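Given next are the chains, with one letter for each unit.
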Amino acid sequence: MREEKPGPLWLRLYALTVYLFLYTPIVVLVLFSFNDSRRNSSWEGFTTRWYVTLWHNELLMRALLNSLKVACLATFLSTVLGTMAALALSRYPFRGREAVGALAYLPMMVPEIVMGIALLTFFIKVGIQLSIVTVILAHVAFSVGYVTVTVRTRLAGMKGNLEEAAADLGATPWQTFWLVTFPRILPGIMSGALLAFTLSFDDFVITFFTAGIGATTLPLKIYSMLKFGVTPEVNAISTIMLGFTIGLLALWSRLESDPKSLGR
Amino acid sequence: MKRFLAWALVLPFVLYNLTFVIFPLFTVLYQSMFTIDAEYNVSQQASLDNFKAAFSAANLEVMWRSARYALTTTAACLLLGYPLAYFIAVYGGRLRSQLLILVVLPFWTSYLIRTFAWTTLLQKEGVINAVLLKLHLISQPLQMLNTDFSVILGLTYGFLPFATLPIYVSLENQDRSLVEAAADLGATPVQAFWKVVFPLSLPGVISASLITFVPAMGDFVSAEILGSPETQMIGNLIQQQFLALFNWPMGSALSLVLMLLMVTSMALYMGLAGERDA
């Protein structure tokens, strides 16, 4: 067995510096959300009053609600579409399978800003007025591929012989799916759904181009607040968003590391 | 029956992508071929005039700047990411997956938030200047915000997690006994690294470069939040054409130029990397 070595000192210090680089801005942002001063430059003492202000900021609360609405609906749609596609891609050989598989990666290859202006142009040309619906449609467009890839990866690790056994024992395809396949792939579906939710909840660029009046999401609201400078309120709402995303990711990593945690 | 089922399952996905990804991209292509006059009238005849205008001297400067920023960002990401990936892959031990999660975690949080988080550190009355002044390393606060530096910093910060991952994978998959063999044959650790480990990790370095360069080139958030009009990138130009100048055809042409630049530089890079290998 190979013994574990801590590595040369300079390399450890270098790695530590990179970690500091990754986390210092986030830590400073969170710290200043508790700073008892309007100005974001020096520490004046601890307060939670900015969080209280947020709570009473009706526009901000509405943006939060919009974000949750968009993320929930977009996640639902992209999970259903993505799971169906993943099932077909990993279980049945059919003509054009490679092309469909490549389609899942396409939105990841196109620069976000191009996706944004393409969808904006499309909605206007087709005569669909920008609203919260267009934001949801756009979010499904960029997240469905992630769900497909995630669920497909999960399915690739499973053999189809349980399904065959179920069929041999007289189960209809419908029964086989809900009683055998679905419970086994549920963790994969959940993990795809969580990714989709995170992507949708945090998206700024594509939402920026596809949101109509009254469809302001949290990132859009933060962006418009930034126009007036970085204030403690912006830091506070950002801290909440970071906490929310990290919570979701913690859930996701648990699903990924222990596939059995949600099975059955 | 099975084939029918397969198609029934993928059809919604395919239709959705055709409607909301492929078709919109074609509307951009179509739109780019019509010009717009001062009264916002769209021309009757299709032409390539927008593309001629897209390569104006001012725009070329912005494109060149975007390429420069993206290249510097890629180099910075490799310089920061490679040693980090190496450290985790070789010396991470039991903490390996936790250390890796710590790298990837920021990537999944809002890019907008992570970008503006730097303003608190970089601004004139910001944390960095305050510390440097206190240590008497500088006598005047440094202008860091709204410079090339701040935009490239924002990009590097944004894409570093993304760059580290493929390098880590290529190092993690390496057979460590190769290094032992090199040592047995008399190679110093430095030689073993440059002759064995590094060449074998090149595929990871190449994908890390692409995965950083491409989104950096098309970014507009970093220049928008941490930059000034002097640090505009192509993404900012596109955004302006769409949301400020309302010249959508021109914006569409610029978007296509951006994609073309990305594909060309990717092909060029792959070609160079391939030649190196051969």
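The structure displayed is predicted, hence computed values, not measured ones.

### Digging into the overall build of chain A
- Per the secondary structure count, chain A includes 11 helices and zero strands.
- Secondary structure of chain A in N-to-C order comes out as α-α-α-α-α-α-α-α-α-α-α.
- Along the first, second and third principal axes, the C-alpha set of chain A runs to 70 × 65 × 30 Å.
- A buried classification covers 52% of the 264 residues belonging to chain A.
- A separation threshold of at least 6 residues defines the contact pool for chain A, and within that pool the share at least 24 residues apart is 72%.
- For chain A, the accessible surface area stands at approximately 13000 Å², while carbon and sulfur atoms represent 67% of it.
- Each charge class in chain A was averaged separately, 21 positive and 15 negative side chains, and the resulting centres sit 3 Å apart.

### Some details on the overall build of chain B
- Broken down by element type, chain B carries 13 helices and zero strands.
- Counted from the first residue to the last, chain B has its helices and strands arranged as α-α-α-α-α-α-α-α-α-α-α-α-α.
- For chain B, whose C-alpha radius of gyration is 23 Å, the value lies well above the compact-globule estimate of 19 Å for 278 residues.
- If one aligns the C-alpha atoms of chain B with their principal axes, the spans along those axes are about 75 × 75 × 35 Å.
- Counting across all 278 residues of chain B, residues that qualify as buried make up 51%.
- Taking all contacts inside chain B whose residues are at least 6 apart in sequence as the whole, residues at least 24 apart take part in 67%.
- Of the side-chain charges in chain B, 13 are positive and 15 negative, and the distance between the mean point of each set is 9 Å.

### A short note on the confidence of the model for chain A
- On average, chain A scores 88 in pLDDT, and the residues at 70 or more come to 95%.
- A low-confidence stretch, residues 259–264 of chain A stays under pLDDT 50, and its non-local contacts, those more than four residues away or across chains, total 11 contacts.

### Details of the environment of glutamine 143 of chain B
Residue and element names in this part refer to chain B.
- Locating glutamine 143 in the fold gives a position in the loop between α6 (127–134) and α7 (148–172).
- We classify glutamine 143 as partly exposed; its relative accessible area is 45%.
- Between the C-alpha atoms of glutamine 143 and glycine 81, which are 62 residues apart in sequence, the distance is 27 Å.
- Polar side-chain contacts of glutamine 143 include one of 3.1 Å to the side chain of lysine 124.
- A distance of 2.5 Å separates the side chain of glutamine 143 from the backbone oxygen of leucine 145, its partner in a polar contact.

### Considerations on a nonpolar patch on the surface
Residues and elements named next belong to chain A.
- Taken together, the side chains of Leu9, Leu13, Leu16 and Leu20 make up a nonpolar region of the molecular surface, amounting to roughly 400 Å² of accessible area.
- Within the secondary structure, leucine 16 sits in helix α1 (residues 9–32).
- Using a relative accessible area of 49% as the deciding quantity, one classes leucine 16 as partly exposed.

### What to know about helix α5 (residues 111–122) of chain B
Residue and element names in this part refer to chain B.
- Between the first and last C-alpha of α5 there are 17 Å, a value that for 12 residues agrees with the 16 Å anticipated at 1.5 Å per step.
- Looking only at α5, the buried set comprises Tyr111, Leu112, Ile113, Arg114, Thr115, Phe116, Ala117, Trp118, Thr119, Thr120, Leu121 and Leu122.
- The N-cap residue of α5 is serine 110: its side-chain oxygen and the backbone nitrogen of leucine 112 are 3.3 Å apart.

### Regarding the nonpolar core
- Counting residues in each nonpolar core, the largest one holds 165 residues, and the members touching the most others are Phe204, Phe209 and Ile222 of chain A together with Ile88 of chain B.
- When residues of this core are assigned to their parent elements, the largest contribution, 14 residues, is made by helix α3 (residues 57–91) of chain B.
- Not counting residues up to four positions away in its chain, the partners in contact with isoleucine 88 of chain B are Tyr19 of chain A together with Arg96, Leu99, Leu100, Val103 and Tyr168 of chain B.

How each quantity is defined
Residues numbered from 1 in each chain as written. Chains lettered and ligands numbered in written order. Predicted model: local features only at pLDDT ≥ 70, side-chain atom pairs only at ≥ 80, totals over all residues. Heavy atoms only, no water. Helix = DSSP H or I, 4+ residues; strand = E, 2+ residues; numbered from the N terminus. Buried < 20%, exposed > 50% of the residue type's maximum accessible area, 1.4 Å probe, protein only. Contact = heavy atoms within 4.5 Å. Areas by Shrake-Rupley, 256 points an atom, 1.4 Å probe, with all protein chains shown as cover. Lys, Arg positive; Asp, Glu negative; His and termini not counted. Charge placed at Lys NZ, Arg CZ, Asp CG, Glu CD. Rg over C-alpha atoms; globule rule 2.2 N^0.38 Å. pLDDT = per-residue confidence, 0-100. Polar contact = N/O pair within 3.5 Å; in protein donor to acceptor, adjacent residues only side chain to side chain. Patch = residues over 30% accessible without salt bridge, like charges linked within 9 Å, V, L, I, M, F, W, Y side chains within 5 Å. Salt bridge = Lys/Arg side-chain N within 4 Å of Asp/Glu carboxyl O. Expected span 1.5 Å × (residues − 1). Core = buried A, V, L, I, M, F, W, Y, C linked by side-chain atoms within 4.5 Å.

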